[in-house]
Amino acid sequence: MFKSGKKAVVLALAGMMAQGSMSAQNPVIRNQFTADPTARVFNNKIYMYRSHDIPSPIEELKEWFCMGDYHVFSSENLTDWTDHGVIVSQTTVPWVNSKSYTMWAPDCVYKNGNYYFYFPAGPKDGKGFRVGVAIGQNPEGPFMPMRTPIEGISGIDPCVLIDDDGSSYIYWSGMGMKGAKLNDDMVSLASEPVNIEGLPEGFKEGPFVFKRGDKYYYTFPWVQDKTETLAYAMGDSPLGPFEFKGLIMEQWPSQCWTNHHSIVEYNGQWYIFYHHNDYSPKFDKNRSARIDSISFNPDGTIVQVKPTLRGVGITDARTRIQVDRYSDISPRTASIDYLNPDNCFEGWKTIFKKRGAWVRYNTVDFGDKPVA
Ligand code: FUB
């Protein structure tokens, strides 16, 4: 039943119910909601900046997004994450409405000795969203928020690209998908915002732009049908034009209206960070970050990603394996369910309904010695 050799596959066959445990993998943070994950590599570690969904303490937002602060997380193996705590809060940014709970999708980049944390929020004066910056000397903070938002940007979901020549660009969504060059100070625009050309019709938000080789990838959540897919376009310069290339990830088969992602290379492998409402099946505004591997075709186009519960990372085959985070499952004869539907954070159980039902769990390390 078990194969030996490194990074192989475990196949669990059973006629019983297996208890879940609290270890790996998707979603990656298992004690709080973690939406809109932006992953960045700093000092050989991977950092995840994300927005912080909470069940709303105020009546107006009971059925909507509710986010009052940001935490940052770091990891060296994509499996074990350290929560560095709150880095920016709605109560400590001078221009933000401190009761609005509007701290939506953020980003963070490093330039000239500083870490620049970009975030959208509802301002004290005026409606809609503005984008602000908080500056720190370490990726985990502390970050000092600027007194005012960036002049010239109204909208959400900022993303910053630093090009190979050191020029920086900021992208956001607000009355269309926009982009502009940043000044060297990283907190003011060096050019008038432009509309990003070459994208398909339909609702779009959450731009994430990265460069691979000499190609610029403009990636974004896009409603092609009912809910958000993840899609992309490619181009030869940072502000376009871009050519639409298709989907990175399909819309969710189960109900979660949003998806929001980032794409990063770490130790020679590319990963996509995204989110799903794993711990909140009945309310899709409480989401959790996931990670899967992503790869490219020889012509630079992206191989579409099938989201998994298994996620990433190598599991030691001699430890307990959490098969409810499977790579594949026998259709109809096995399923997973919450251990406690009243508190989904307690985890999952695997239900094998018939003899011969199976769960496949990829990427395990059996070590160098033969195993039984
Ligand atoms: O998290 C709030 C909003 O939902 C984000 O800003 C959007 O991209 C969507 O994920």
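All of these numbers come straight from a predicted model, not from anything done at the bench.

Draft legend 1. Structural detail: the sheet that holds strand β21 (residues 288-294). If you walk across this open sheet you meet the 3 strands as β19-β20-β21, and the pairing is antiparallel. Of all strands in the sheet, those bounded by a partner on one side alone are β19 (262-266) and β21. In this sheet, neighbouring strand axes are inclined to one another by 30° on average, regardless of whether the strands run parallel or antiparallel. Pairing between strand β20 (residues 269-276) and β21: 7 bridges, direction antiparallel. Across the sheet, Y271 pairs through a bridge with S293, a residue of β21.

Draft legend 2. Quick look at the site of the ligand. Neighbouring residues of the ligand: D36, F65, M67, W104, A105, D157, E205, T258, H260, H275 and R287. Take D36: an N or O atom from its side chain is 2.5 Å from an oxygen atom of the ligand. Side-chain polar atom of D157 to an oxygen atom of the ligand: 2.4 Å apart, as the coordinates give it. Contact with the protein chains covers 100% of the free accessible surface of the ligand, which is 270 Å².

Draft legend 3. Molecular detail of the pairing of strand β26 (residues 357-365). Two strands pair when backbone bridges link them, and strand β22 (residues 315-316) and β26 are joined in this way by 2 bridges, in the parallel orientation. Looking across to β26, one finds that D316 is bridged to D365. Relative to β26, strand β23 (residues 328-329) runs antiparallel, the two sharing 2 bridges. Opposite I329, over in β26, you have V359 as the bridge partner.

Scoring rules and cut-offs
Residues numbered from 1 in each chain as written. Predicted model: local features only at pLDDT ≥ 70, side-chain atom pairs only at ≥ 80, totals over all residues. Heavy atoms only, no water. Pairing = 2+ DSSP bridges. Helix = DSSP H or I, 4+ residues; strand = E, 2+ residues; numbered from the N terminus. Axes fitted to C-alpha atoms, helices over the stretch in contact; angles between N-to-C directions. Near = heavy atom within 4 Å. Polar contact = N/O pair within 3.5 Å; in protein donor to acceptor, adjacent residues only side chain to side chain. Areas by Shrake-Rupley, 256 points an atom, 1.4 Å probe, with all protein chains shown as cover.

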